[in-house]
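# Inside the fold
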Amino acid sequence: MSRPRVHVLNGPNLSRLGRREPEVYGTTTLAELAALCGGWADGLGLDLVFEQCEGEGELVALIHRAGDQAAGLILNAAAYTHTSVAVRDAVCAIAIPVVEVHLSNPAAREPFRRRNLLEDVVYAGVRGFGTEGYRLALEGLAARLRD
Ligand code: DQA
């Protein structure tokens, strides 16, 4: 039996995880996070595609691709969460459940991070748990996909 496929999509600057503001984002690198997610997904019976990109258009294209190829999407849109109507529209343009994840809790940081263009169009959100948030998002999405 084929396993549901989930895409995990990371936006700009998350390529620098581990050395980027470690006091905010922790010391786990993106490659380490990808490996962790792979293991968690496997344990949940999911196939995983883990991606990162820096650009807004690329992020939009990868959201579309997830909509065409995956059963669910975990999205850390990073700074585009706070600025991008195009990313919001891309989330609205696909029919799979999207779980928004953030390593930090943006609402507890600078005021401009309180603006969130995604929170009302995603299925669910996980914020502030660091890399553990990706595990929680995968578990939640796996449960949603079992329904
Ligand atoms: C982030 C939070 C955003 O505000 C920020 O722009 C990021 C990372 C997080 O995972 O905590 O790049 O999405």
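Now for a quick tour of the structure. Everything quoted here is computed from the prediction, not taken from an experiment.

Here the focus is the overall build of the protein chain. Within the protein chain, the regular secondary structure consists of 6 helices and 5 strands. Mapped in sequence order, the helices and strands of the protein chain form the string β-α-α-β-α-β-α-α-β-β-α. For the protein chain, the C-alpha radius of gyration of 14 Å lies close to 15 Å, the compact-globule estimate for 147 residues. Projected onto the principal axes, the alpha-carbon positions of the protein chain cover approximately 45 × 30 × 25 Å. For the protein chain, the share of sequence-separated contacts (at least 6 apart) that also reach a separation of at least 24 residues comes to 76%. Put simply, the protein chain shows about 7,000 Å² of open surface, and 50% of that area lies on carbon and sulfur atoms. Distance from the positive charge centre (15 side chains) to the negative charge centre (18 side chains) of the protein chain: 2 Å.

Another point: unusual backbone geometry. If you check the backbone angles, Glu 21 has positive phi at about 35° while not being a glycine. In this fold, Glu 21 is placed in the loop between strand E1 (5–10) and helix H1 (22–25). Relative accessible area serves as the criterion here: at 37%, Glu 21 is assigned to the partly exposed category. Not every positive phi belongs to a glycine, and Ala 78 is a case in point at roughly 50°. You can see Ala 78 is positioned in the loop between strand E3 (72–76) and helix H4 (80–83). Here Ala 78 falls in the buried class, since its relative accessible area comes to 11%.

Of the volumes computed, that of the largest pocket is approximately 160 Å³. Around the largest pocket, the lining comprises 15 residues; the ones closest to its centre are Tyr 25, Ala 78, Ala 79, His 102 and Arg 109. Each residue belonging to the lining of the largest pocket can be placed in one class, and the counts come to 7 nonpolar, 5 polar and 3 charged.

Further remarks concern the site of the ligand. Lining the immediate environment of the ligand, one finds Arg 20, Tyr 25, Asn 76, Ala 78, Ala 79, His 82, His 102, Leu 103, Ser 104, Arg 109 and Arg 113. His 82 places a side-chain nitrogen or oxygen 2.7 Å from an oxygen atom of the ligand. At 2.8 Å from an oxygen atom of the ligand is found a main-chain nitrogen or oxygen belonging to Leu 103. If the ligand stood free it would expose 320 Å²; the protein chains cover 99% of that surface. Applying the majority rule of atoms within 2 Å of the grid points places the ligand in the largest pocket. A class-by-class count of the residues in the shell around the ligand yields 4 nonpolar, 4 polar and 3 charged.

The next subject is the nonpolar core. If you look at the biggest cluster of nonpolar residues, it comprises 22 residues, and the most contacted ones within it are Leu 17, Ile 74, Tyr 134 and Leu 138. Of all the secondary structure elements, the ones that give two or more residues to this core are E1, helix H2 (30–43), strand E4 (98–102) and helix H6 (132–146). With sequence-adjacent residues up to four places away left out, Leu 138 is seen in contact with Val 6, Cys 37, Trp 40, Ala 41, Leu 44, Leu 46, Leu 48 and Ile 74. In terms of nonpolar packing, the next biggest core, distinct from the first, is built from 20 residues, Leu 59, Ile 94, Val 98 and Leu 118 among them.

Criteria and thresholds
Residues numbered from 1 in each chain as written. Predicted model: local features only at pLDDT ≥ 70, side-chain atom pairs only at ≥ 80, totals over all residues. Heavy atoms only, no water. Helix = DSSP H or I, 4+ residues; strand = E, 2+ residues; numbered from the N terminus. Rg over C-alpha atoms; globule rule 2.2 N^0.38 Å. Contact = heavy atoms within 4.5 Å. Areas by Shrake-Rupley, 256 points an atom, 1.4 Å probe, with all protein chains shown as cover. Lys, Arg positive; Asp, Glu negative; His and termini not counted. Charge placed at Lys NZ, Arg CZ, Asp CG, Glu CD. Buried < 20%, exposed > 50% of the residue type's maximum accessible area, 1.4 Å probe, protein only. 1 Å grid on protein atoms, 1.4 Å probe; cavity = no way out; pocket = protein on both sides within 12 Å on 5 of 7 lines; lining within 4 Å. Points joined across faces, edges and corners; volume = space filled by probe spheres on them. Nonpolar A, V, L, I, M, F, W, Y, C, P; charged D, E, K, R; others polar. Near = heavy atom within 4 Å. Polar contact = N/O pair within 3.5 Å; in protein donor to acceptor, adjacent residues only side chain to side chain. Sits in = over half its atoms within 2 Å of the grid points. Core = buried A, V, L, I, M, F, W, Y, C linked by side-chain atoms within 4.5 Å.

Without other data, these values stay purely geometric and don't point to any function.
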